[in-house]
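Spelled out, the chains give:
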Amino acid sequence: MNRILALLERDMRKFFRSPTLMIVSLVLPLVQLVIFGYAFGGKIKNLKVGVVDQDDRLPAIKLREMMQAIAANAKTFETVQYSDMGKALKDLRNGRINGVLNIPPNFSRDVASQTNPKVALIEDNTDEIATSALEGEFASLVGAYNANPVAPRVAAKVTLSVVEIYPYVPYIQFLLPGVIVLSIFVSAMIGGGIIYIDDKARGMHEGYLVTPISKFELISGFTLSGTAKAILTGIVLTVLGSLIAGVPDALDPGRLLRLMLVIVLTSFALISMMFLMMVRVNDPLVPRATFGVLNTLLWFPSGAVYPTAGFPKWMKAYAQADPFTYAVGAFKSLLLKNTGFVAITGDLAFLIIFSALMMLSATLLFRRTL
Amino acid sequence: MAAVEVEKLTKKFGDFTAVDALSFEVAKGEIFGLLGPNGAGKSTLIRMLTTLIPPTSGAARINGFDVTRDPDHVRRAIGVIPQAMTSDLDLTVTENMLIFAKLYGVPRARRERELKELLAAVELSAWADKPVKFLSGGMRRRLEIARGLIHEPKIFFLDEPTTGLDPTSRIAVWEMLMKLKAGRDLTILVTTHYMDEADRLCNRIAIVDHGKLVALDSPLKLKASIPATSFLEVSFSKLPEGWTEQLKGLPDVESVVEHDQVFRIASDNGPRTMTDLMDAAKRAGTEVVSLSVKSTTLDDVFTHYTGRQLRDELQSGKLDIGYMYRKGSGI
Ligand SMILES: Nc1ncnc2c1ncn2[C@@H]1O[C@H](COP(=O)(O)OP(=O)(O)OP(=O)(O)O)[C@@H](O)[C@H]1O
Ligand SMILES: [Mg+2]
């Protein structure tokens, strides 16, 4: 036991004495959270829509007024009037405006005679996010126009009203679980991968191997110190991250306790995985070369950045074997929905079984010689 | 019982035999030197003796314990300073020592006492709380020596403890090692490149080349064992074509090695060779610029047994950057 603690003590002292290491594992993920969170999170605003009104009678003017109201209030878009369709389309192609709304010459007549009146939205579909925001806004605008007593009512229109059971989740909060797991992983890559292999290559392990330390003590010492650093990172990221992202009631002690459990299991699972990957490696280049790709392979499929529902079938299957999926899932339950313990037992069970398998294989492959 | 007993110990890496059926014994209390050029197999031998790599065949017993069957007892009996410097640079001198005290299971009370004594012996007491990265190479080596003795081992293995140190530091390292040995019941097995060191400090020396033992005895006996009775060091005003060959052809000349235009000539008959040299120089149209008679050194012993000069071997040898990693080696 003393030997295990000696290895742990060594790593802890080194960790707290190395500001670079602390910054890389604690501060950078927070910066990443903020940058990512606000880069994707915001509502789309201030798009420019060209309006070509070829009708210019009362029903058309009414529609234009409604658009101006949106421009003034929600500010999703502002309108630019064009007299000529050709010029508007040219500006759309040149990127000066994001869409063109065309009100055709027979619009008012069709409204009056109820013969299927139409307006057209021509959009720059290279930017999917901006166009879907525009489409959404115009769909509701047309809906509102239909409900307007000026326009004739179509019989029995069905409307859908949405009830949200959780408070509104801004993207930065959606992203937080992923960033916590990623930071734990980065810490595992540095502690369990790069530092482990560098120590080995420098002959540090040669020094340990000539002492009477047992194989079990060596493995425990290495994994324990790696896990401890990862847990530390996880705690800092969870607490500061929740505060930065504005998670409601971030410091609720019951939840912090459940979060702690997830942090510990995630750290251990990722360190075990790293240990298995590195157990027979001697070349200090190997961890450096693999890690850039590795976090893409594990992080993106986990639903941390984009909901897994959007994945093709094969990738969903892949995501099911990815430990990140369960870690992110558990953090999401706790941070976004403040669920109890029962909701995360499945995720935790996976992490425990995963860690056991990884540790077992790594222990079998570990050699207590050079 | 000898402190170290080695019997036909062999290590192969694939087809390559790094250590080839070595047999020798080291007596208790002895300082035993392993001498050999780069790649001779010194580190491989030490790694087998210190339980770091399993031998391919043969056996070795340390303090009576077999290295393969009873590695844990071996580990408790030995202190090891690996060739690479392995102190933790971010940790202090004391912290480095304490980690090893704990790994060896030294009881707390003894830990403190040993730590003080050892640091005083290697003259690092003033540096006890400084990070190792502020220490010079020689000081780091001294720290490692102190570290290797923290659990009071019976047998101390040092793999090239002085390589890469300046002459002053080398002397300091040896002085401290001697001082430490004087106060304890310690057997030392040390490898080195430096013939002069081995000559002055070792009780017995094993010369190893290509994994084989080529000679083993005390430095005096080794020097006496080679036939040449005297060594002449000569330099000439100019060097005629094929000069080394011509010198080798002189009667009674055993061997000729040239270094920086100085010829070191081993001869069975010093006075005769001296006059022969003068004559040969005159005939070849050159002149003897300097000539002196030297005593036999271990370099001469090495040259005699291997047909090569250790100095050249070292210069053409690979640079050891302290990384034990070797491509495709599987260690
Ligand atoms: N793990 C390994 N795999 C393959 N070859 C190895 C391995 N370790 C050592 N060797 C080879 O065995 C030979 C002996 O190496 P060793 O390190 O024992 O030499 P040495 O006498 O200590 O040399 P040096 O003075 O450079 O330290 C060398 O040719 C080396 O390349
Ligand atoms: Mg060596």
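Everything here concerns the structure above.
What you see is a predicted model, and the numbers here were worked out from it, not measured in a lab. (Residues numbered from 1 in each chain as written. Chains lettered and ligands numbered in written order. Predicted model: local features only at pLDDT ≥ 70, side-chain atom pairs only at ≥ 80, totals over all residues. Heavy atoms only, no water.)

## Brief notes about the coordination of the magnesium ion (ligand 2)
Thought 1: Only B:S43 (OG) and B:Q83 (OE1) from the protein reach the magnesium ion (ligand 2) as donors, at distances of 1.9 to 2.1 Å. Taken together, the residues B:S43 in helix α1 (residues 42-49) and B:Q83 in the loop between β6 (78-81) and α3 (93-103) connect sequence positions 40 residues apart. (Donors = N, O, S within 2.8 Å, 3.2 Å for Na, K, Ca; no water. Helix = DSSP H or I, 4+ residues; strand = E, 2+ residues; numbered from the N terminus.)

## Looking at unusual backbone geometry
Thought 1: Here A:Q114, not a glycine, exhibits a phi torsion of approximately 55 degrees, which is positive.
Thought 2: Turning to its location among the elements, A:Q114 is positioned in the loop between α5 (107-113) and β4 (120-123).
Thought 3: In the Ramachandran plot, B:E152 falls in the positive-phi region, its phi being about 50 degrees despite a non-glycine side chain.
Thought 4: As for its position among the elements, B:E152 is in the loop between α5 (137-148) and β7 (155-159).

## Some remarks on the packing of aromatic side chains
Thought 1: Tallied over the full model, the rule gives 16 aromatic pairs over all chains.
Thought 2: Arranged with centres 5.4 Å apart and planes meeting at 80 degrees, the rings of A:F15 and A:F16 form a pair that is edge-to-face.
Thought 3: Overall, the relative accessible area of 51% leaves A:F16 in the exposed class.
Thought 4: Aromatic side chains B:F236 and B:W243 sit 5.2 Å apart centroid to centroid with 85 degrees between the ring planes, which places their arrangement in the edge-to-face category. Each member of the pair B:F236 and B:W243 is classed as buried.
Thought 5: In this structure, B:R147 is placed above the aromatic ring of B:F100, and the distance from its NZ or CZ to the ring centre is 4.1 Å.
Thought 6: The side chain of B:R170 reaches across the aromatic face of B:Y194, ending 3.5 Å from its centre. (Phe/Tyr/Trp six-rings, centres within 6.5 Å; stacked < 30°, edge-to-face > 60°. Buried < 20%, exposed > 50% of the residue type's maximum accessible area, 1.4 Å probe, protein only. Lys NZ or Arg CZ within 6 Å of the ring centre and 35° of its normal.)

## Examining the packing of helix α7 (residues 171-201) of chain A against helix α10 (residues 253-278) of chain A
Residue and element names in this part refer to chain A.
Thought 1: Contact geometry for α7 and α10: axes closest at 9 Å, N-to-C directions at 35 degrees. For the crossing formed where α7 meets α10, the hand is right-handed. Counting all contacts with α7, which are made through V181, I184, F185, A188, M189, G192, G193, Y196, I197 and K200, the residues of α10 involved are I263, T266, S267, L270, I271, M273, M274, F275 and M278.
Thought 2: Residues belonging to the contact of α7 with α10 are distributed by class as follows: 14 nonpolar, four polar and one charged. (Axes fitted to C-alpha atoms, helices over the stretch in contact; angles between N-to-C directions. Left-handed = near helix turned anticlockwise from the far one by under 90°. Contact = heavy atoms within 4.5 Å. Nonpolar A, V, L, I, M, F, W, Y, C, P; charged D, E, K, R; others polar.)

The quantities given are spatial measurements derived from coordinates; they are silent on function.
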